2 protein chains.
Amino acid sequence: METRELRYFVTVAEELHFGRAAQRLGIAQPPLSRAVQQLERRLGAALLDRTSRTVTLTEAGAVLLAEGRAALDAVAAAERRTRRAAASTTGRPALVLVTKAGASNELLAKLLAAYAAEPGAVPVDVILSGPAEQARLLREGRADVALLHRPFDPTDGFDTEELGTEGQIAVLPAGHPLTARAEVRLADLAALPGLPLPRWPDPDGGYPPGPGPKVRDHAQLLQLVALGRACALSPESCRTNLHDGLAAVPVTDAPPVTTVIAWPPHSRSRAVADLVRTATRL
Amino acid sequence: METRELRYFVTVAEELHFGRAAQRLGIAQPPLSRAVQQLERRLGAALLDRTSRTVTLTEAGAVLLAEGRAALDAVAAAERRTRRAAASTTGRPALVLVTKAGASNELLAKLLAAYAAEPGAVPVDVILSGPAEQARLLREGRADVALLHRPFDPTDGFDTEELGTEGQIAVLPAGHPLTARAEVRLADLAALPGLPLPRWPDPDGGYPPGPGPKVRDHAQLLQLVALGRACALSPESCRTNLHDGLAAVPVTDAPPVTTVIAWPPHSRSRAVADLVRTATRL
DNA sequence: GGCATCGATACCCTCCGGGTATGAATCCGG
DNA sequence: CCGGATTCATACCCGGAGGGTATCGATGCC
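Residues numbered from 1 in each chain as written. Chains lettered and ligands numbered in written order. Predicted model: local features only at pLDDT ≥ 70, side-chain atom pairs only at ≥ 80, totals over all residues. Heavy atoms only, no water.

Draft legend 1. Region of interest: the pairing of strand β10 (residues 257-263) of chain A. Residue and element names in this part refer to chain A. A large share of β10 lies buried, amounting to 7 of its 7 residues. The alternating pattern of β10 places Val257, Thr259, Ile261 and Trp263 on one face and Thr258, Val260 and Ala262 on the opposite face, and all of these are buried. For strand β5 (residues 145-150) and β10, the ladder comprises 5 bridges, and the chain directions are antiparallel. Within the sheet, the bridge partner assigned to Leu147 lies in β10 and is Ile261. Both strand β6 (residues 159-166) and β10 contribute to a ladder of 7 bridges, which runs antiparallel. Counterpart to Gly164 in the pairing with β10 is Thr259. (Buried < 20%, exposed > 50% of the residue type's maximum accessible area, 1.4 Å probe, protein only. Helix = DSSP H or I, 4+ residues; strand = E, 2+ residues; numbered from the N terminus. Pairing = 2+ DSSP bridges.)

What follows is the structure, encoded as structure tokens:
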């Protein structure tokens, strides 16, 4: 199976429309139809049920959509990492670390400092992303390591090492009645009128239904809290970057958050290995 | 990047010889040289250093070899799983579980029985493989789930759930002096004259250097022990399938073995999810 | 220094992937 | 119930990418 065929099929499966898919791919519709037919013949499996009006995925098609995306990601990652490896021999090599904006700042600072002191350390670029993008960045080879927070972030398919566990705090607008309490419970937060928990994007970029404002990163979130439009549940370490207008209260019954360092398997990079080793020694 | 190019490059990188690689690929040497050159141009990176006598990998080439293998595995897995999904709608669907021959037999039997009793259970094919092949079978889509034993088997890139932990026993020829002891230590085993620990194959099929006979599965291993040519370190649960000529002694300072159930990420199969859930409830 | 080995180059040819034009089926509005 | 719009499939053509053979150039070895 060639990646071109896979790309074609995945696009059609996403659009469920040959015309639009062809447009997205920058080719005409007939060759696209043919390519998908050919793929089906070679696989000996129907991937799409088509009438002249509608296209739907078969069981096998759904499998190939999920698996094919993963495979295309792997190919893209191979390409990107190779390019980076090549660039790193000519210029200065750089390691890309991705973490959620506003989370684990202290840990990150300590890690970067400790790693920089290692012999053979390499410049580290830090990307601050929203939580949904981290996995994608790692999978696509745009990043080498990530700091993730279990159980919130998916660690599917990565190698991980635990770095530490912490409790969670409720972040509230300063002056809110609950901020007078020494500690609160999850039920207290759920019952807050007018202060819903925000919604985070899915891995595919959409948002789950429900009340609560949509947020993409921690800064947005804190701003919304300060504005009195939401409340938030965050790891304790966020306390250090709460500014005016925000207050925090420990939540006793929230699940603890584990910070893990994650990297793609098959990574043969000494820099990644060094960074991970440094991290586990903190 | 097309999978054909990747396959070509990976083959050359493995052989470090264009002629042999071309032969393995079933094409002539000149098109292969061209294809690799073209890939290098497109990536803007030298992958191989070639003199007219020898070929060696560059830094970037080593990266692409590792990443490219993973990507090719992912593509192959997508293809195989799609074929299986298609076959499963026409015939009876089957789940393929792979485990090491001769390990965790009780656990496996309990798991299969419990799963079969679930509503919506599907026939399960069991593959007994040598340890080195399990990861490959999962990665290539030939199997859906595996029972692995940490810390011996790599769990890189899979999702896992722990099923249980057990100690290890030394398996010795019946009548060996040590079998009189109630327990032994690792150092006792290392010092045994004429009874080396066997060597297991690497993921790539080769064997590490050293003394000790080469083995591919547990049955071979036990036979060698019975013949007095080796001793072995095995999880306790193996005790149930020791036959005549073999004796077991607990090893007090051996690292405990954790049995985990592992499956590829992105698995959208209900059957896999059911089986895993059943397993964690045992 | 001649020879063998091995990758690169030159050149040719086939077939595959892409384009345009059009057909066939289905849905919809009148 | 009929014509037009929509959408996927088919028919046909063309250019170029990919594969083959012949050969060159470089390098190590006896």
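The rest of the description comes next.
Draft legend 2. Geometry of helix α9 (residues 270-281) of chain B. Residue and element names in this part refer to chain B. Compared with the 16 Å implied by 1.5 Å per residue over 12 residues, the 17 Å span of α9 between its first and last C-alpha is a close match. Along α9, the residues that are buried comprise Ala271, Val272, Asp274, Leu275, Val276, Thr278 and Ala279. Contact partners of the buried residues in α9: β3 (95-100), α5 (105-116), β5 (145-150), β6 (159-166) and β10 (257-263). Where α9 begins, the side chain of Ser269 points an oxygen toward the backbone nitrogen of Ala271, at a separation of 3.1 Å. (Expected span 1.5 Å × (residues − 1). Contact = heavy atoms within 4.5 Å. Polar contact = N/O pair within 3.5 Å; in protein donor to acceptor, adjacent residues only side chain to side chain.)

Draft legend 3. Quick peek at the interface of chain A and chain B. Counting from both sides, the interface comprises 36 residues of chain A and, opposite them, 36 residues of chain B. The three residues of chain A that bury the most area against chain B are Met1(A), Glu67(A) and His266(A), which together make up 18% of that side's buried surface. With a closest N to O distance of 3.2 Å, Arg7(B) and Glu2(A) form a salt bridge. For the interface between chain A and chain B, the tally reads 16 residue pairs in polar contact (both at pLDDT 80 or more). Going through the elements one at a time, α1 (3-15), α3 (29-43) and α4 (59-90) of chain A are the ones with two or more residues in the side of chain A that touches chain B. Tallied by class, the residues present in the side of chain A that touches chain B amount to 17 nonpolar, 6 polar and 13 charged. (Buried area = accessible area lost by both parts, 1.4 Å probe. Salt bridge = Lys/Arg side-chain N within 4 Å of Asp/Glu carboxyl O. Nonpolar A, V, L, I, M, F, W, Y, C, P; charged D, E, K, R; others polar.)

Draft legend 4. Quick peek at the relation of the copies chain A and chain B. Rotating chain A by 180° about the axis while translating it 0.0 Å along that axis superimposes it on chain B, leaving an RMSD of 0.4 Å. Here the two chains are linked by the operation of a two-fold rotation axis. No C-alpha of chain A approaches the rotation axis more nearly than that of Gly157(A), which lies at 2.0 Å. A shared binding surface is used by both copies, with 100% of the interface residues of chain A retained as interface residues in chain B. (Least-squares fit on C-alpha atoms with pLDDT ≥ 70 in both.)

Draft legend 5. Local environment of the protein's contact with DNA strand C. Among the 22 residues in the neighbourhood of DNA strand C, the closest are listed as Ala28(A), Arg34(A), Ser33(B), Arg50(B) and Arg53(B). A distance of 3.4 Å separates a phosphate oxygen of DNA strand C from a polar atom in the side chain of His17(B). A distance of 3.0 Å separates a base nitrogen of DNA strand C from a polar atom in the side chain of Gln29(B). Listed by contribution, the elements that provide at least two residues to the surface near DNA strand C are α1 and α3 of chain A together with α2 (18-25) and α3 (29-43) of chain B. Ranked by residue count, the leading element in the surface near DNA strand C is α3(B), at 5 residues. In terms of residue class, the surface near DNA strand C is made up of 8 nonpolar, 8 polar and 6 charged. (Near = heavy atom within 4 Å.)

Draft legend 6. Representation of the sheet that holds β10(B). All names here are of chain B. Spatially, the 5 strands line up as an open sheet ordered β4-β3-β5-β10-β6, and their pairing is mixed. Across the chains shown, the open sheet's two edge strands, defined by having one partner strand only, are β4 (124-129) and β6. When strand polarity is set aside, the average angle formed by the axes of neighbouring strands in this sheet is 25°. As judged from the 6 bridges shared by β3 and β4, these two strands associate in the parallel manner. Bridge pairing links Leu95 to Val124 in β4. (Axes fitted to C-alpha atoms, helices over the stretch in contact; angles between N-to-C directions.)

Draft legend 7. A look at the protein's contact with DNA strand D. Contacts to DNA strand D come from 24 residues, most closely from Arg50(A), Arg53(A), Arg4(B), Arg34(B) and Ser52(B). Put simply, 65% of the atoms of DNA strand D that lie within 4 Å of the protein are in sugar or phosphate. One of the backbone nitrogen or oxygen atoms of Gly19(A) is found 3.4 Å away from a phosphate oxygen of DNA strand D. Take Gln37(A): an N or O atom from its side chain is 3.1 Å from a phosphate oxygen of DNA strand D.

Draft legend 8. Just unusual backbone geometry, in detail. Residues and elements named next belong to chain A. Cis peptide bonds are those with omega within 30 degrees of zero, and the linkage from Arg150 to Pro151 qualifies with 0°. Within the secondary structure, Pro151 is located in the loop between β5 and β6. At Leu16, a residue that is not glycine, the phi angle is positive and equals roughly 55°. With respect to the helices and strands, the residue Leu16 is situated in the loop between α1 and α2 (18-25).

Draft legend 9. Region of the structure containing the sheet that holds strand β8 (residues 232-235) of chain A. All names here are of chain A. The 3 strands lie next to each other as β8-β7-β9, forming an open sheet whose pairing is antiparallel. Single-partner strands in this sheet number two, and they are β8 and β9 (246-251). In this sheet, neighbouring strand axes are inclined to one another by 35° on average, regardless of whether the strands run parallel or antiparallel. Two strands pair when backbone bridges link them, and strand β7 (residues 168-173) and β8 are joined in this way by 4 bridges, in the antiparallel orientation. Counted as the bridge partner of Ile169 is Ser234 from β8.

Draft legend 10. Fine view of helix α6 (residues 131-139) of chain B. Taken together, the buried positions of α6(B) are occupied by Pro131(B), Ala132(B), Gln134(B), Ala135(B), Leu137(B) and Leu138(B). Positive phi appears at Gly141(B), one or two residues downstream of α6(B), with a value of about 80°.

Draft legend 11. Structural detail: the domain arrangement of chain A. Entries for chain A in the domain assignment read domain 1 (3-78), domain 2 (92-166 + 258-281) and domain 3 (168-255). Here the C-alpha centre of domain 3 of chain A lies 41 Å away from the C-alpha centre of domain 1 of chain A. (Domains from an automatic or database assignment.)

Draft legend 12. Structural context of the confidence of the model for chain A. When pLDDT is averaged along chain A, the result is 85; 97% of the residues meet or exceed 70. The lowest-confidence element of chain A is helix α8 (residues 218-226) of chain A, averaging 76 in pLDDT; the highest-confidence one is α1(A), averaging 94. (pLDDT = per-residue confidence, 0-100.)

Draft legend 13. Representation of the nonpolar core. Counting 58 residues, the largest nonpolar core has Phe9(A), Leu64(A), Phe9(B) and Leu64(B) as its most contacted members. Among the secondary structure elements, those contributing two or more residues to this core are α1, α2, α3 and α4 of chain A together with α1 (3-15), α2, α3 and α4 (59-90) of chain B. If near-sequence neighbours (up to four positions away) are discounted, Phe9(B) is found in contact with Leu39(B), Leu47(B), Leu48(B), Leu57(B), Gly61(B), Leu64(B) and Leu65(B). (Core = buried A, V, L, I, M, F, W, Y, C linked by side-chain atoms within 4.5 Å.)

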